Amino acid sequence: MKNNTFTDKQIEIMEAATLRIDQYGIQELTIKNLAADLRLSEAALYRHFKSKNDIMLGLLSYFIFEMKERITTIISKEENTPTEQLIQIFNSQLKTFLKKPAIVSVIFSEGIFQFNKDLSEKVSSMMELMQTHINTIIKKGQDEGTYSELTGSATISTIIMGSMRMTVLKWKLSGHKSNLIKDGNTVLNGLLKMIEK
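These figures come from a predicted structure and were not determined experimentally.

Calculation rules
Residues numbered from 1 in each chain as written. Predicted model: local features only at pLDDT ≥ 70, side-chain atom pairs only at ≥ 80, totals over all residues. Heavy atoms only, no water. Helix = DSSP H or I, 4+ residues; strand = E, 2+ residues; numbered from the N terminus. Contact = heavy atoms within 4.5 Å. Lys, Arg positive; Asp, Glu negative; His and termini not counted. Charge placed at Lys NZ, Arg CZ, Asp CG, Glu CD. Expected span 1.5 Å × (residues − 1). Buried < 20%, exposed > 50% of the residue type's maximum accessible area, 1.4 Å probe, protein only. Polar contact = N/O pair within 3.5 Å; in protein donor to acceptor, adjacent residues only side chain to side chain. Core = buried A, V, L, I, M, F, W, Y, C linked by side-chain atoms within 4.5 Å. Phe/Tyr/Trp six-rings, centres within 6.5 Å; stacked < 30°, edge-to-face > 60°. Axes fitted to C-alpha atoms, helices over the stretch in contact; angles between N-to-C directions. Parallel < 35°, antiparallel > 145°, perpendicular 65-115°, else oblique. Left-handed = near helix turned anticlockwise from the far one by under 90°. Nonpolar A, V, L, I, M, F, W, Y, C, P; charged D, E, K, R; others polar.

Trainee: For this particular structure, what's the right way to read the overall build of the chain?
Mentor: A count of helices and strands for the chain gives ten helices and zero strands. Expressed as lengths along the three principal axes of its C-alpha atoms, the size of the chain is roughly 60 × 35 × 30 Å. Partitioning the intrachain contacts of the chain with sequence separation of at least 6 by distance along the chain shows that 66% fall at a separation of at least 24. Here the chain carries 25 positive and 22 negative side-chain charges, and the mean point of each set is 4 Å from the other.

Have a look at this one:
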């Protein structure tokens with residue numbers, strides 16, 4: 001399904017903004033710099049977005065839309081076990097980061113959002129979306145007797161998400177040189193072994 005919320009030009013602007021943040025940091029994301037990157041006038045850019053914050057909100061909304069679609073497709077396959085679903089969801093996220101490494105700089109940079117309520121709420125909603133799905137899958141696995149119930153599903157989902165976040169952060173700090181998929185799978189498989197009965 002195509003996201004009709006954004007025009008092709010808006011998507012191009014959001015992708016250019018993501019690259020600029022990744023390469024130079026949030027402080028270098030200005031309408032002037034972005035217009036220069038895209039070889040547009042500032043007036044032309046303002047026709048697509050009212051402000052830098054609007055670009056950031058759009059970027060996060062677009063990522064959340066894509067993420068929802070990927071996760072919904074995975075969890076709709078009910079023949080898959082909870083373990084298979086978890087592996088597929090995280091592989092899907094990691095592959096997206098590999099394909100668009102600059103997005104990691106945006107969604108993993110709390111400093112960008114801490115002084116902007118709208119942006120911090122958008123990042124929170126993205127984390128809650130992921131945590132809700134992971135929690136539901138863990139709970140299902142516990143109900144089916146696949147996973148231990150010694151620890152609550154909410155705590156397990158937080159541990160899994162925190163561990164995967166650390167793996168992605170290490171990959172980012174290595175200059176994208178570490179093997180993100182391999183490291184992510186190693187961490188996730190280790191955690192799943194710990195909770196399996």
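Once the structure has been displayed, the description carries forward.
Trainee: Which parts of the structure should I look at to understand the side chain of Thr83?
Mentor: Mapped onto the fold, Thr83 is located in helix 5 (residues 82-99). Apart from the residues within four sequence positions on either side, Thr83 is in contact with Thr146, Tyr147, Leu192 and Glu196.

Trainee: Any chance you could explain helix 4 (residues 52-75) here in plain terms?
Mentor: For an α-helix, 3.6 residues make a turn, and residues three or four places apart therefore share a direction. For helix 4, spanning 24 residues, the distance from its first C-alpha to its last is 35 Å, which sits close to the expected 34 Å at 1.5 Å a residue. The set of residues buried in helix 4 consists of Ile55, Met56, Gly58, Leu59, Leu60, Tyr62, Phe63, Ile64, Met67, Arg70, Ile71 and Ile74. The N-terminus of helix 4 is capped by Ser51, whose side-chain oxygen sits 3.4 Å from the backbone nitrogen of Asn53.

Trainee: What am I meant to see in the nonpolar core here?
Mentor: Generally speaking, nonpolar side chains in soluble globular proteins are found buried as a group. If you look at the biggest cluster of nonpolar residues, it comprises 55 residues, and the most contacted ones within it are Leu34, Ile55 and Phe97. Mapped by element, the contributors of at least two residues to this core are helix 1 (8-24), helix 2 (31-38), helix 4, helix 5, helix 6 (102-107), helix 8 (117-143), helix 9 (153-173) and helix 10 (180-195). If one sorts the elements of this core by residue count, helix 4 sits on top with ten residues. In contact with Leu34, other than residues within four places in its own chain, are Ile13, Ala16, Ala17, Arg20, Leu29, Leu45 and Ile55.

Trainee: What's the story with the environment of Phe65 in this structure? I'm lost.
Mentor: With respect to the helices and strands, the residue Phe65 is situated in helix 4. Taking C-alpha positions, Phe65 is 27 Å from Leu192, a pair spaced 127 residues apart along the chain.

Trainee: Where do I start with the packing of aromatic side chains in this structure?
Mentor: Within a pair of aromatic rings, the relevant descriptors are the distance that separates the centres and the angle that separates the planes. Here the structure, examined in full by the defined rule, presents two aromatic pairs. Consider the rings of Phe6 and Tyr62, whose centres lie 5.9 Å apart with planes at 85°: the pair is edge-to-face. Residue Phe6 is found in the segment before helix 1, and its partner Tyr62 is found in helix 4; the two are separated by 56 residues along the sequence. Centre to centre, the rings of Phe63 and Phe97 are 6.2 Å apart; their planes meet at 10°, and the pair counts as stacked. Of this pair, Phe63 sits in helix 4 while Phe97 sits in helix 5, and the two are 34 residues apart along the sequence. The same class applies to Phe63 as to Phe97, namely buried.

Trainee: Whenever I open this one, the packing of helix 8 against helix 9 confuses me. Can you help?
Mentor: To describe two helices that pack against each other, one gives the angle between their axes and the distance between the axes. Where helix 8 meets helix 9, the closest approach of the two axes is 8 Å, and the angle between their N-to-C directions is 125°. The orientation of helix 8 relative to helix 9 falls into the category oblique. The interaxial crossing formed by helix 8 with helix 9 has right-handed handedness. Residues Met127, Met130, Gln131, Ile134, Asn135, Ile138, Lys139 and Gln142 of helix 8 pack against Ser153, Ala154, Ile156, Ser157, Thr158, Ile160 and Met161 of helix 9. Taken together, the residues of the contact of helix 8 with helix 9 break down into eight nonpolar, six polar and one charged.

Trainee: Help me understand unusual backbone geometry, please; the structure alone is not making it clear to me.
Mentor: Residues other than glycine predominantly adopt negative phi, and peptide bonds predominantly adopt the trans conformation. The residue Arg39 is not glycine, and still its phi comes out positive at about 55°. Looking at where Arg39 falls in the secondary structure, it is placed in the loop between helix 2 and helix 3 (42-46). Not every positive phi belongs to a glycine, and His176 is a case in point at roughly 65°. Mapped onto the secondary structure, His176 falls in the loop between helix 9 and helix 10.

Limitation: the analysis is restricted to geometry and does not speak to function.
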